[in-house]
Amino acid sequence: MTVHNVCIIGSGPAGYTAAIYLGRAGLHPVVVTGALAPGGQLVNTTEVENYPGFPEGILGPDLMDAMRAQAERFGAEFIPEDVTSVESVPSGETGEGSSPLTRLTLDSGDVLDTRAVIVATGSSYRKLDVPGEEEYSGHGVSYCATCDGFFFKDKPIVVVGGGDSAFEEALYLTRFGSSVTLIHRRDEFRASAIMVERARANDKLTLLTNTVVTAIHGGTADTETSAPTATGSAASGLKLDLGGRTISLNKPQGQQSLSLGPTPNTGANNLLGGISLPAAAPAAGNVMSIDIRNTATGTTGTLDTSAVFVAIGHSPATAFLGDIVEKDADGYVIVDGASTRTSRPGIFAAGDCVDRVYRQAISAAGMGCRAALDAQEYLSTLA
Ligand SMILES: Cc1cc2nc3c(=O)[nH]c(=O)nc-3n(C[C@H](O)[C@H](O)[C@H](O)COP(=O)(O)OP(=O)(O)OC[C@H]3O[C@@H](n4cnc5c(N)ncnc54)[C@H](O)[C@@H]3O)c2cc1C
């Protein structure tokens, strides 16, 4: 059976960069690309404007195709499958005096034995799972403020989430948006007190608690003018314009009044106290509004917005590793300091499956480079 020098699991910026370096070092890397998403997360996006070297920006799929072609040029081999498990090859099977091997099992049942492994399987954004989210992903629905905030200059923006990341994203987005509304399903935040204080002190930021997003609607400029809007009197419903952010309110049947008051525990504006709203029709184009529901009262409403940034966490794609390397409580692979060495000699990890902080294509690519150099150094000690 062929024993490979190094197998790379994952074909995002981290995996392809590692393949370029290892290919150029003459180590003939094998990249198991993933069956469903070869190219990684950037394949699902449009313009990438912050990857160095492309002054006019580049389409995500084009960037990933170029990285793959570059790795291919230096002799990388690609297998379009998923790795389903990773285990150590028992020393009895490797022959006396041979270097320790790791065995990757693929979803086809094939196995790859290799001296070194680089895990670069990324992470996936947790989704809201509401109607319109998929449809308008990349057209106003985003999971990355650093990546997409710039596109929403002077537009109303919504951020969903209640942790530190959501607050960081919301505060960052106030640089761009005409307004930012942070929507959280509870009346208390997981975010640190200082982040909440900063948010409260920011005039552009509104905290909307006890509220969930139930649908995302969009349209084109043409449909925007003809889209249904709720206007009228306090008796039937109101349309409020709050600094470029429009909130439409309908009085539920049998209810005497609309109420807008502070949420007792947090002091955040609870804009949905006792109101409900009609749903807007989904259409092609960009995000225009969201449906929201108050989790305490059940009342519903709509909020006009151009963007919905979902910041409710990430799931690193590391379950298939089992216990072969140490992971933290959320499943991120733990590496040794600034290196990419995992708890298992010969297994390295890079990119978003390790990094819960930066999560950028360039930071993943940089870590892929480090993993390649670490693996190269490891392989040189085996000879
Ligand atoms: C919509 C969107 C837009 C973004 N825009 C930008 C931007 O403009 N600029 C920017 O810098 N960043 C952007 N990002 C973030 C960026 O895409 C990520 O930080 C980067 O892709 C992480 O790279 P990675 O190599 O660690 O992992 P990923 O790109 O997630 O790649 C992981 C790879 O591992 C594979 N894989 C997973 N499990 C297995 C398995 N068991 N076996 C084999 N393969 C497996 C997957 O198929 C995939 O190919 C965006 C992200 C999204 C979702």
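Here, the structure is the one placed above.
How each quantity is defined
Residues numbered from 1 in each chain as written. Predicted model: local features only at pLDDT ≥ 70, side-chain atom pairs only at ≥ 80, totals over all residues. Heavy atoms only, no water. Helix = DSSP H or I, 4+ residues; strand = E, 2+ residues; numbered from the N terminus. Axes fitted to C-alpha atoms, helices over the stretch in contact; angles between N-to-C directions. Parallel < 35°, antiparallel > 145°, perpendicular 65-115°, else oblique. Left-handed = near helix turned anticlockwise from the far one by under 90°. Contact = heavy atoms within 4.5 Å. Nonpolar A, V, L, I, M, F, W, Y, C, P; charged D, E, K, R; others polar. Near = heavy atom within 4 Å. Polar contact = N/O pair within 3.5 Å; in protein donor to acceptor, adjacent residues only side chain to side chain. Areas by Shrake-Rupley, 256 points an atom, 1.4 Å probe, with all protein chains shown as cover. Core = buried A, V, L, I, M, F, W, Y, C linked by side-chain atoms within 4.5 Å. Buried < 20%, exposed > 50% of the residue type's maximum accessible area, 1.4 Å probe, protein only. Phe/Tyr/Trp six-rings, centres within 6.5 Å; stacked < 30°, edge-to-face > 60°. Lys NZ or Arg CZ within 6 Å of the ring centre and 35° of its normal. Disulfide = S-S within 2.5 Å. Pairing = 2+ DSSP bridges. Expected span 1.5 Å × (residues − 1).

Caption draft 1: Quick peek at unusual backbone geometry. Phi at Asp 154 takes a positive value of approximately 60°, unusual for a residue other than glycine. Note on placement: Asp 154 falls in the loop between α4 (145-148) and β11 (156-160). Despite not being glycine, Asn 210 has its phi angle at roughly 50°, a positive value. Mapped onto the elements, Asn 210 comes out in the loop between β13 (205-208) and β14 (211-219).

Caption draft 2: Quick look at the packing of helix α5 (residues 164-173) against helix α6 (residues 193-201). The contact between α5 and α6 brings their axes to 10 Å, and the two run at 30°. Considered as vectors, α5 and α6 are oriented roughly parallel to each other. As α5 packs across α6, the resulting crossing turns out to be left-handed. Contact with α5, carried on its side by Asp 164, Phe 167, Glu 168 and Leu 171, involves Met 195, Val 196, Arg 198 and Ala 199 of α6 and no other residues of that element. A class-by-class count of the residues in the contact of α5 with α6 yields five nonpolar, no polar and three charged.

Caption draft 3: Structural view of the site of the ligand. Every one of the 32 residues lining the ligand counts as a neighbour, but Ala 37, Gln 41, Asn 50, Asp 352 and Ala 361 are closest to it. Taking Pro 13, its main chain carries an N or O atom lying 3.2 Å from an oxygen atom of the ligand. Within the backbone of Thr 33, an N or O atom sits 3.2 Å from an oxygen atom of the ligand. Look at the ligand: alone it shows 1,000 Å² of surface, and the protein chains cover 92% of it.

Caption draft 4: Layout of the nonpolar core. Formed by 56 residues in total, the largest nonpolar core has its most connected members in Val 83, Val 86, Leu 104, Leu 112, Ile 118, Val 119 and Leu 321. A per-element tally of this core places helix α8 (residues 361-382) first, with nine residues. Residues contacting Leu 321, with those up to four places away along its chain left out, are Val 86, Val 119, Lys 327 and Val 333.

Caption draft 5: Layout of the packing of aromatic side chains. Enumeration according to the criterion identifies nine aromatic pairs in this entry. Between the aromatic rings of Phe 150 and Phe 176, the centroid separation amounts to 6.4 Å while the plane-to-plane angle is 80°, which identifies the pairing as edge-to-face. With Phe 150 in the loop between α4 and β11 and Phe 176 in the loop between α5 and β12 (179-183), the pair connects residues that are 26 residues apart, well separated along the chain. Seen in terms of ring centroids, Phe 348 and Tyr 378 are 5.9 Å apart; in terms of plane orientation they differ by 65°. Their pairing is edge-to-face. Of this pair, Phe 348 sits in strand β23 (residues 347-349) while Tyr 378 sits in helix α8; the two residues are 30 residues apart in sequence, bridging distant segments of the chain. On the basis of relative accessibility, which here comes to 3%, the residue Phe 348 falls in the buried class. Aromatic ring contacts, followed pair by pair, group Phe 150, Phe 151, Tyr 172 and Phe 176 into a single cluster. Here the guanidinium or amino end of Arg 24 rests over the ring plane of Phe 74, the centre of that ring lying 5.5 Å away. Above the plane of the ring of Phe 78 lies Arg 68, whose end atom (NZ or CZ) is 4.0 Å from the centre.

Caption draft 6: Up close: the state of the cysteines. Scanning the entire structure with this criterion turns up one disulfide. Note on cysteine connectivity: Cys 144 is disulfide-linked to Cys 147, with sulfurs 2.1 Å apart. Taking the torsion about the S-S bond as the criterion, the Cys 144 to Cys 147 disulfide, at about 70°, is right-handed. Given the relative accessible area of 8%, Cys 144 is considered buried. On the accessibility criterion, Cys 147 (31% relative accessible area) is partly exposed.

Caption draft 7: Looking closely at the sheet that holds β12. Here we have five strands laid out as an open sheet, ordered β10-β21-β11-β12-β13, and parallel in their pairing. A single partner strand is all that each edge strand has here, and the edge strands are β10 (141-142) and β13. Relative to β13, β12 runs parallel, the two sharing four bridges. Each residue of the ladder has a partner; that of Leu 182, found in β13, is Leu 207.

Caption draft 8: Fine view of α8. Here α8 contains 22 residues, and its C-alpha end-to-end distance of 32 Å stays within 8% of the 32 Å for a straight helix at 1.5 Å per residue. All of the buried residues in α8 are Ala 361, Ala 364, Ala 365, Met 367, Gly 368, Cys 369, Ala 371, Ala 372, Asp 374, Ala 375, Tyr 378 and Leu 379. Looking at the buried positions of α8, the neighbouring elements they touch are β1 (3-9), α1 (13-24), β8 (111-119) and β23.

Caption draft 9: Just the packing of α1 against helix α2 (residues 60-73), in detail. At a closest axis distance of 8 Å, the pairing of α1 and α2 adopts a crossing angle of 25°. Between α1 and α2, the angle falls in the class roughly parallel. In this structure, α1 crosses over α2, and the sense of that crossing is left-handed. Each of Pro 13, Tyr 16, Ala 19 and Ile 20 in α1 lies in contact with α2, whose residues at this interface are Met 64, Met 67, Arg 68, Gln 70 and Ala 71. When the residues that make up the contact of α1 with α2 are grouped by side-chain class, the tally is seven nonpolar, one polar and one charged.

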